[in-house]
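This is what each chain is made of:
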Amino acid sequence: MFLSTKWWLRIAFWVALIYLTLFEHGYYDFLSLNLLLAYIPVEIGFWLTPKRHALLFYPLLVVWLLFLPNAPYLLTDLVHLTLLDAYSPVTNLLINSPKVWYKFTELIITVGLGTVGGLLSIQAVVKSLSQRWHHDWLRYWLVPGISLLSAVGIYIGRFLRIHTVYLLMPNWIVPRILTMWSSRMLFFTGLLFLVQMAAYGLMVLMQRPRSLDA
């Protein structure tokens, strides 16, 4: 990832975080915290370069993996579009309310920023790992593996309400994680895995300098 790309992404996160903190105190006041949590793995990913000393690289990698689900977690915030009450009770049609569509735009941009940031972070870290281990083919296994772990992490955060900070309380979270496995959990995890892989695939296609007519 080029340095300029890193800084543009940083600036986008900082501007969004400042805006949400100062001006969003209604429907989506939770977005500032969720976006901050999504930014943490993105920033850590910037530091996971192939030349980073192993004593720093691998501890950072573990922290990155633990925080990474916070980025695609934002995708599940799309369910909160229902808070907008965007349909007319009389006609059952969408209403042309500036407030509704302003909040819609706010949510979509926040979710998009967190998701794209997370995908770019995965791409950069996987590239660093492949170069560090001198096996380029590893990226074809690392991306799905990391995405699957993220999907499990999203489930843990969304339904068990176990967040990264609770890792300091293993006696409390371990029994809940051990008993969370069910068909519904696997179904949700599978869907979020597919969503992440589809988004990653689209990102890779968009990065290729090819014409659609090629």
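Residues numbered from 1 in each chain as written. Predicted model: local features only at pLDDT ≥ 70, side-chain atom pairs only at ≥ 80, totals over all residues. Heavy atoms only, no water.

Asker: Help me understand the overall build of the protein chain, please; the structure alone is not making it clear to me.
Answerer: From N to C terminus, the protein chain includes 8 helices and 0 strands. The linear arrangement of helices and strands in the protein chain, starting from the amino end, is α-α-α-α-α-α-α-α. For a compact globule of 214 residues, the expected C-alpha radius of gyration is about 17 Å, and the protein chain comes in at 19 Å, within 12% of that figure. On the principal axes, the C-alpha backbone points of the protein chain span a range of 65 × 50 × 35 Å. By the burial criterion, 40% of the 214 residues in the protein chain qualify as buried. Of all intrachain contacts in the protein chain linking residues separated by at least 6 positions in sequence, the fraction that spans at least 24 positions is 74%. As presented, the protein chain carries roughly 13100 Å² of accessible surface, and 72% of it is formed by carbon and sulfur atoms. Charge-centre separation for the protein chain: the mean point of 15 positive side chains lies 12 Å from the mean point of 8 negative side chains. (Helix = DSSP H or I, 4+ residues; strand = E, 2+ residues; numbered from the N terminus. Rg over C-alpha atoms; globule rule 2.2 N^0.38 Å. Buried < 20%, exposed > 50% of the residue type's maximum accessible area, 1.4 Å probe, protein only. Contact = heavy atoms within 4.5 Å. Areas by Shrake-Rupley, 256 points an atom, 1.4 Å probe, with all protein chains shown as cover. Lys, Arg positive; Asp, Glu negative; His and termini not counted. Charge placed at Lys NZ, Arg CZ, Asp CG, Glu CD.)

Asker: Could you clarify how one ought to interpret the packing of aromatic side chains in this entry?
Answerer: For any pair of aromatic rings, the description rests on two quantities: the centre-to-centre distance and the angle between the ring planes. Evaluation of the coordinates by the stated rule reveals 10 aromatic pairs. For the ring pair Phe-13 and Tyr-39, a centre distance of 5.2 Å and an interplane angle of 40° mean the geometry is tilted. Here Phe-13, found in helix H1 (residues 3–23), pairs with Tyr-39, found in helix H2 (residues 31–47); they are 26 residues apart in sequence, far enough to count as distant. Considered together, Phe-13 and Tyr-39 belong to a single accessibility category, that of buried residues. (Phe/Tyr/Trp six-rings, centres within 6.5 Å; stacked < 30°, edge-to-face > 60°.)

Asker: Looking at this structure, how should I read the pattern of salt bridges?
Answerer: Oppositely charged side chains are able to pair whenever their charged atoms sit close together. This structure, assessed with the given rule, holds 5 salt bridges. Across the pair Arg-10 and Glu-43 runs a salt bridge, and its minimum N-O distance is 2.7 Å. Here Glu-43 lies in helix H2 and Arg-10 lies in helix H1, a separation of 33 residues in the sequence. Of the two residues, Arg-10 and Glu-43, both sit in the buried class. Of the charged contacts in the structure, one is a salt bridge between Arg-139 and Asp-136, with a shortest N-O distance of 2.6 Å. (Salt bridge = Lys/Arg side-chain N within 4 Å of Asp/Glu carboxyl O.)

Asker: Would you take a moment to explain the nonpolar core for this structure?
Answerer: A general feature of soluble globular proteins is that nonpolar side chains tend to end up buried together. Leu-35, Trp-64 and Ile-122 are the most contacted members of the largest nonpolar core, which has 38 residues in total. Of all elements in the fold, only H1, H2, helix H3 (54–67), helix H5 (98–133), helix H6 (139–159) and helix H8 (183–207) reach the threshold of two or more residues within this core. Once you skip the residues sitting within four places of it in the chain, Leu-35 turns out to touch Phe-13, Ala-16, Leu-17, Leu-20, Leu-74, Thr-110, Leu-113 and Gly-114. (Core = buried A, V, L, I, M, F, W, Y, C linked by side-chain atoms within 4.5 Å.)

Asker: Please explain unusual backbone geometry as it appears in this structure.
Answerer: Most peptide bonds take the trans configuration, and most residues that are not glycine carry a negative phi. Unusually for a residue other than glycine, Asn-92 sits at a positive phi of about 60°. Following the sequence through the fold, Asn-92 ends up in the loop between helix H4 (70–73) and H5. Judged by relative accessible area, which is 57%, Asn-92 ranks as exposed. Its identity is not glycine, yet Arg-161 carries a phi of approximately 55°, on the positive side.

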